[in-house]
Amino acid sequence: MVRFENVGLRYGMGQEVLKDVSFGIQPNSFQFLTGPSGAGKTTLMRLLFLSLKPTRGLITLFGRDVSSLDPDEVAVLRRRIGIVFQDFRLLDHLTTYENVSLPLRVLGKEEASYRAEVTELLGWVGLGDRMHVLPPILSGGEKQRAAIARALIGRPEFLLADEPTGNVDPTLARRLLRLFIELNKSGTSVLLATHDIALMDQYDARRLVIADGRLYVYE
Amino acid sequence: MVRFENVGLRYGMGQEVLKDVSFGIQPNSFQFLTGPSGAGKTTLMRLLFLSLKPTRGLITLFGRDVSSLDPDEVAVLRRRIGIVFQDFRLLDHLTTYENVSLPLRVLGKEEASYRAEVTELLGWVGLGDRMHVLPPILSGGEKQRAAIARALIGRPEFLLADEPTGNVDPTLARRLLRLFIELNKSGTSVLLATHDIALMDQYDARRLVIADGRLYVYE
Amino acid sequence: MSTNDAHSAGKTPASAVPGDTAREAKATAAKTGPKPRPEKARQPTSIVPSSTIAGRALVAVVAIMTFLAAITIGSAVAVRGTASQWRSDVTREVTIQVRAGDKATTDAQVQAAADIARKTPGIADAHILTGEETARLLEPWLGSGLDLNDLPVPRVVVLRLDGAGTADLARLKRTLTDKIPTASLDDHRGWSRRLVAVTDAVMLIGVVMLVLVGLATVLSVVFATRAAVATNRAVVEVLHFVGARDGFIAAQFQRHFLKIGTQGGLIGGLAATALFGAIAALPQLGLGGDPELPTVVSWLNPGPWGFLGIAVAVAVVALATALTSRVTVYRTLRTIQ
Amino acid sequence: MSTNDAHSAGKTPASAVPGDTAREAKATAAKTGPKPRPEKARQPTSIVPSSTIAGRALVAVVAIMTFLAAITIGSAVAVRGTASQWRSDVTREVTIQVRAGDKATTDAQVQAAADIARKTPGIADAHILTGEETARLLEPWLGSGLDLNDLPVPRVVVLRLDGAGTADLARLKRTLTDKIPTASLDDHRGWSRRLVAVTDAVMLIGVVMLVLVGLATVLSVVFATRAAVATNRAVVEVLHFVGARDGFIAAQFQRHFLKIGTQGGLIGGLAATALFGAIAALPQLGLGGDPELPTVVSWLNPGPWGFLGIAVAVAVVALATALTSRVTVYRTLRTIQ
Ligand SMILES: Nc1ncnc2c1ncn2[C@@H]1O[C@H](COP(=O)(O)OP(=O)(O)OP(=O)(O)O)[C@@H](O)[C@H]1O
Ligand SMILES: Nc1ncnc2c1ncn2[C@@H]1O[C@H](COP(=O)(O)OP(=O)(O)OP(=O)(O)O)[C@@H](O)[C@H]1O
Ligand SMILES: [Mg+2]
Ligand SMILES: [Mg+2]
């Protein structure tokens with residue numbers, strides 16, 4: 001589903017953050033992405049999400065070479081990917097409910113057609129009672145769960161989650177991990193970036209580790 | 001140094017987030033603050049930082065009743081407190097260096113008088129080479145360290161840190177914890193809110209636990 | 001699953017979780033933060049918050065610009081009307097005066113002068129004023145009821161130019177003074193030409209002002225749009241991330257700007273219309289009743305064409321605002337992608 | 001301490017950490033993000049980023065407003081000048097005409113009419129036009145070089161009113177026609193009064209416009225300041241958190257607004273000055289050379305007082321902008337605290 005071949009990335013004229021990275025992600029697979037702070041996890045996610053172009057090498061996503069896409073094709077490809085940002089990126093002027101339903105609204109869907117679905121998902125992540133509240137008054141963990149719900153609402157084929165349990169307690173982290181595993185079982189590929197060794201120990205999955213700009217894969 | 005007596009807090013007309021909270025913080029002490037996501041840790045921090053007034057009860061800070069302060073007195077008290085926000089709150093248009101030196105600039109100090117100090121502190125938190133870069137291009141962990149540096153630069157008497165290791169790897173988290181312990185040994189009271197049980201296990205300190213709006217103290 | 005888990009997942013509605021129901025949450029937010037939306041809002045919150053667009057300032061700019069444009073158009077149309085009146089007056093202004101002497105001689109001389117004038121190229125017609133007409137001209141000075149036949153009043157021949165401006169009046173003057181010593185040509189054209197030049201200058205200033213106002217409007221809108229996209233950069237990024245096309249994003253912005261353009265245009269246009277309406281109404285209010293009164297007031301009545309011009313200006317401003325912002329948004333989006 | 005630790009703490013400068021030096025970091029940012037600051041900037045970055053203030057739009061608004069205010073002041077001063085000229089003309093407009101007859105009788109009648117007029121309260125003076133003066137008045141109609149003594153030209157007495165407006169001209173008219181049947185009073189005052197009314201109306205419109213423009217400026221600045229504080233809410237909060245007093249924060253904003261006010265005011269004021277300067281220069285350019293030409297152009301020359309008014313307007317606008325924004329920032333800060 002995803003193929004990286006000798007991908008290198010530098011920001012501007014700096015040193016390469018990623019060097020000669022080659023790996024693949026299979027449909028319906030689950031993997032952790034880890035590495036020290038500043039190693040390039042978020043950078044790798046941005047490459048996968050087409051918000052950054054590699055300085056060299058080849059990235060194939062859903063069978064398409066990403067270097068040849070025009071903006072509208074990027075938009076269409078992104079609809080098949082869900083992403084949870086490390087810094088949430090919720091829109092502060094929209095309620096939790098509106099934030100979570102944004103991907104569907106962008107598709108031009110009627111509100112009535114997705115209301116039940118959004119409400120159910122919000123209940124699942126424990127935000128049933130914070131639905132009509134604006135993000136600035138949510139607690140850190142609540143924001144994170146809203147960001148997760150927004151990534152899931154479009155039933156993506158590929159889920160990228162950047163540190164999705166950094167702001168929640170271990171119990172809730174376990175619960176969210178179970179949510180991701182459920183999702184993976186129902187057919188979505190999941191890439192989960194985390195620092196939390198305890199979390200990774202709870203589920204036996206492939207691990208991608210970035211260190212010094214190189215990617216090491218532990219099956 | 002800090003006294004809470006039967007403090008209650010509700011946001012607007014909602015239920016009380018904190019109920020009948022009573023505790024004290026001694027000068028030169030170290031304590032963890034923990035509790036599930038949405039329990040009220042950040043809320044308690046905001047009370048301590050005077051950015052929220054209690055709905056009932058009495059808070060004494062540095063020997064002053066906080067309900068009787070005018071805005072300028074609040075500003076002066078805040079200069080004795082350092083805070084690390086869960087969401088960092090760095091100013092995106094100022095460089096890391098300028099963000100960290102902001103508390104000194106607000107005091108009207110000359111740039112020359114604090115340049116060496118700021119540079120040294122940035123080196124300490126591992127941002128020596130990211131000094132003249134704007135926050136949007138920092139990694140999650142780098143932002144967090146910049147926020148910590150800003151809280152420390154004014155040599156506060158009381159340090160509040162909200163989830164200061166949520167975005168860094170365990171090794172770096174240990175390093176930051178050591179930084180806080182150092183600081184405490186040199187005379188600052190520290191209150192550190194965290195979900196990270198592994199981190200708390202590394203240092204034997206007083207624990208404040210919020211659950212269901214009540215505060216339980218484990219010495 | 002621990003109790004903590006149930007707690008934070010909000011699965012136990014009876015628990016002490018703060019802000020348990022949406023109602024409470026709303027009330028909560030009302031006091032402490034931004035306004036919440038009603039639970040089942042029919043109208044979804046607009047994706048680009050209108051508060052970030054500096055909308056009222058821009059409405060003010062657009063309104064002022066439209067007002068200026070409308071005032072300029074109205075005044076220009078009005079002055080043009082006055083000018084064309086002046087221009088037609090010019091044709092009446094050229095006269096030949098023949099000093100009176102013996103009646104028969106004078107009659108012959110007047111006739112000769114008229115003939116010479118008629119033969120001059122560029123002069124359409126020469127009309128010898130009758131005694132009555134002359135008396136009417138002199139009335140202000142000599143009083144009415146005078147018998148001009150008793151008086152050595154000069155005779156007047158009024159020339160009508162053909163409007164092509166080809167008449168060589170200098171030559172006519174020379175010929176006249178050569179052949180009929182008692183005749184003199186009174187050529188007010190220098191005077192009138194100056195008047196026409198002035199109105200032309202006013203028209204030119206009007207056009208220049210219109211261009212300036214248009215430019216200023218477009219620039220303000222470009223700046224405002226750029227600022228709007230810049231302050232909503234986070235929103236644009238999130239929209240991109242959830243798979244929105246540029247067209248969708250641009251539409252979110254354009255919606256605001258069309259509204260701003262329409263509002264501003266209408267305010268400015270109506271203000272200008274009101275002003276001109278008041279000016280046009282002044283004479284009826286007894287302030288400028290004399291129709292011959294050549295005051296600013298009568299000059300500044302733009303008439304139906306002026307008001308039409310104002311309406312067109314409003315429409316142009318609204319459309320230009322929307323279009324400018326659309327183009328600017330597309331351009332700016334390219335830099336964010 | 002693991003190697004990872006050293007890595008992320010940046011303690012090994014030779015390691016492969018990206019953006020190793022500040023120089024690299026700068027180059028990096030230049031291509032991928034907002035502009036970095038030079039390493040040892042003498043001038044620290046302003047705490048409130050000027051890009052968030054919609055500054056250029058506001059400069060445009062302020063400039064337009066100042067331009068409008070200046071144009072209004074200039075025109076008003078100019079029209080006032082013209083009006084006062086008209087007002088003084090009024091005094092020349094009241095005349096008595098005495099139909100000519102036998103010379104001696106006429107002279108006596110003229111003298112009698114002048115005496116009657118002089119005795120009428122409210123009339124300061126009555127001046128009997130000499131033959132020469134009458135000839136000059138009649139020149140346009142009768143040609144020059146006429147000997148008026150041969151003609152039964154009516155004699156004219158020019159009355160000067162004392163300006164208090166107390167003269168009962170209707171009674172004077174009756175008395176005159178009673179006592180001297182050949183005399184008639186030509187009272188242009190109705191006409192002139194209307195002119196004065198019109199200029200008064202123009203002045204009123206000017207004052208109203210000035211008030212409107214001032215109001216619009218203050219409103220725009222209030223909106224812009226509120227918007228600026230709102231978009232910089234995060235900055236304000238952080239400043240509060242690091243212990244800044246309200247005065248410090250307000251100063252950060254006011255700095256921008258004083259600059260905006262000064263810039264906008266100067267641009268608008270200079271534009272208006274240029275426009276009036278051009279108008280004042282027109283006659284010298286040979287377009288309106290005749291000093292008696294009562295055109296818009298000569299009416300619109302504001303003179304030194306007008307230009308002074310414009311300068312004052314610019315200063316007022318700059319100060320008002322700074323002051324308005326300061327007050328607004330303080331008010332808005334209270335809502336954030
Ligand atoms: N837009 C950018 N321009 C320049 N450098 C950048 C940019 N974004 C990230 N970097 C740098 O690239 C390096 C890798 O950043 P990245 O965000 O990928 O790290 P990360 O592995 O996600 O770290 P963390 O665990 O702290 O979130 C960091 O040193 C960061 O400062
Ligand atoms: N300004 C506010 N207005 C209304 N409710 C708020 C506001 N801020 C926080 N809350 C609510 O109060 C509760 C406690 O929030 P708080 O941020 O203190 O939790 P926390 O313990 O810090 O959680 P986390 O670990 O997820 O950061 C949450 O349910 C939150 O939604
Ligand atoms: Mg990251
Ligand atoms: Mg919190």
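This text gives an overview of the structure that appears in the document. Computed from a predicted structure; not experimentally measured. (Residues numbered from 1 in each chain as written. Chains lettered and ligands numbered in written order. Predicted model: local features only at pLDDT ≥ 70, side-chain atom pairs only at ≥ 80, totals over all residues. Heavy atoms only, no water.)

**Side note on the pairing of strand β1 (residues 95–98) of chain D**
Residues and elements named next belong to chain D.
Then, number 1: Residues Thr95 and Gln97 of β1 are buried on one face, and the alternating residues Ile96 and Val98, pointing to the opposite face, are buried as well.
Then, number 2: Relative to strand β4 (residues 183–186), β1 runs antiparallel, the two being bridged by 4 bridges. Counted as the bridge partner of Val98 is Ala183 from β4.
Then, number 3: As judged from the 4 bridges shared by β1 and strand β3 (residues 155–161), these two strands associate in the antiparallel manner. (Buried < 20%, exposed > 50% of the residue type's maximum accessible area, 1.4 Å probe, protein only. Helix = DSSP H or I, 4+ residues; strand = E, 2+ residues; numbered from the N terminus. Pairing = 2+ DSSP bridges.)

**Brief notes about helix α3 (residues 96–106) of chain B**
Then, number 1: With 11 of 11 residues buried, α3 of chain B lies mostly within the body of the structure.
Then, number 2: Considered for burial, the residues of α3 of chain B that qualify are Thr96, Tyr97, Glu98, Asn99, Val100, Ser101, Leu102, Pro103, Leu104, Arg105 and Val106 of chain B.
Then, number 3: Lining the buried residues of α3 of chain B we find α4 (111–124) and α5 (140–153) of chain B together with α8 (233–241) and α9 (246–281) of chain D.
Then, number 4: Looking one or two places after α3 of chain B, you find Gly108 of chain B, whose phi comes out positive at around 90°. (Contact = heavy atoms within 4.5 Å.)

**Topic: the coordination of the magnesium ion (ligand 3)**
All names here are of chain A.
Then, number 1: With distances of 1.9 to 2.2 Å, the protein atoms coordinating the magnesium ion (ligand 3) are Thr42 (OG1) and Gln86 (OE1). Taken together, the residues span a long stretch of sequence, with Thr42 in helix α1 (residues 41–48) and Gln86 in the loop between β6 (81–84) and α3 (96–106) at a distance of 44 residues.
Then, number 2: When its relative accessible area of 30% is taken as the criterion, Thr42 is described as partly exposed.
Then, number 3: Using a relative accessible area of 14% as the deciding quantity, one classes Gln86 as buried. (Donors = N, O, S within 2.8 Å, 3.2 Å for Na, K, Ca; no water.)

**Describing the site of ligand 1**
Then, number 1: Every one of the 22 residues lining ligand 1 counts as a neighbour, but Thr42 and Thr43 of chain A together with Arg130, Gly141 and Glu142 of chain B are closest to it.
Then, number 2: Neighbouring residues of ligand 1 are not confined to one chain but are distributed across chains A, B and D.
Then, number 3: Gly38 of chain A is positioned such that a nitrogen or oxygen atom in its backbone is 2.7 Å from an oxygen atom of ligand 1.
Then, number 4: A distance of 3.1 Å is found between a nitrogen atom of ligand 1 and a backbone nitrogen or oxygen belonging to Ile137 of chain B.
Then, number 5: For ligand 1, whose accessible area on its own is 640 Å², the fraction buried by protein is 96%.
Then, number 6: Those elements that provide at least two residues to the shell around ligand 1 are α1 of chain A, α5 of chain B together with α2 (22–32) of chain D.
Then, number 7: For the shell around ligand 1, a count of residues per class yields 6 nonpolar, 13 polar and 3 charged. (Near = heavy atom within 4 Å. Polar contact = N/O pair within 3.5 Å; in protein donor to acceptor, adjacent residues only side chain to side chain. Areas by Shrake-Rupley, 256 points an atom, 1.4 Å probe, with all protein chains shown as cover. Nonpolar A, V, L, I, M, F, W, Y, C, P; charged D, E, K, R; others polar.)

**Re helix α4 (residues 111–124) of chain A**
All names here are of chain A.
Then, number 1: Along its 14 residues, α4 runs 20 Å from first to last C-alpha, staying within 8% of the 20 Å computed at 1.5 Å per residue.
Then, number 2: Considered for burial, the residues of α4 that qualify are Tyr114, Val118, Leu121 and Leu122.
Then, number 3: Against α3 and α5 (140–153) lie the buried residues of α4.
Then, number 4: Gly126 sits one or two positions beyond α4 and adopts a positive phi of about 80°. (Expected span 1.5 Å × (residues − 1).)

**Thoughts on the interface of chain B and chain A**
Then, number 1: On the chain A side, the residues contacting the 20 residues of chain B number 20 residues.
Then, number 2: In terms of surface lost to chain A, no three residues of chain B exceed Ser37, Asn167 and His195 of chain B, which account for 34% of the buried area on that side.
Then, number 3: Where chain B meets chain A, there are 2 salt bridges.
Then, number 4: Between Asp87 of chain B and Lys143 of chain A there is a salt bridge, and its shortest N-O distance comes to 3.8 Å. (Buried area = accessible area lost by both parts, 1.4 Å probe. Salt bridge = Lys/Arg side-chain N within 4 Å of Asp/Glu carboxyl O.)

Don't take any of this as a statement about function, it's just geometry.
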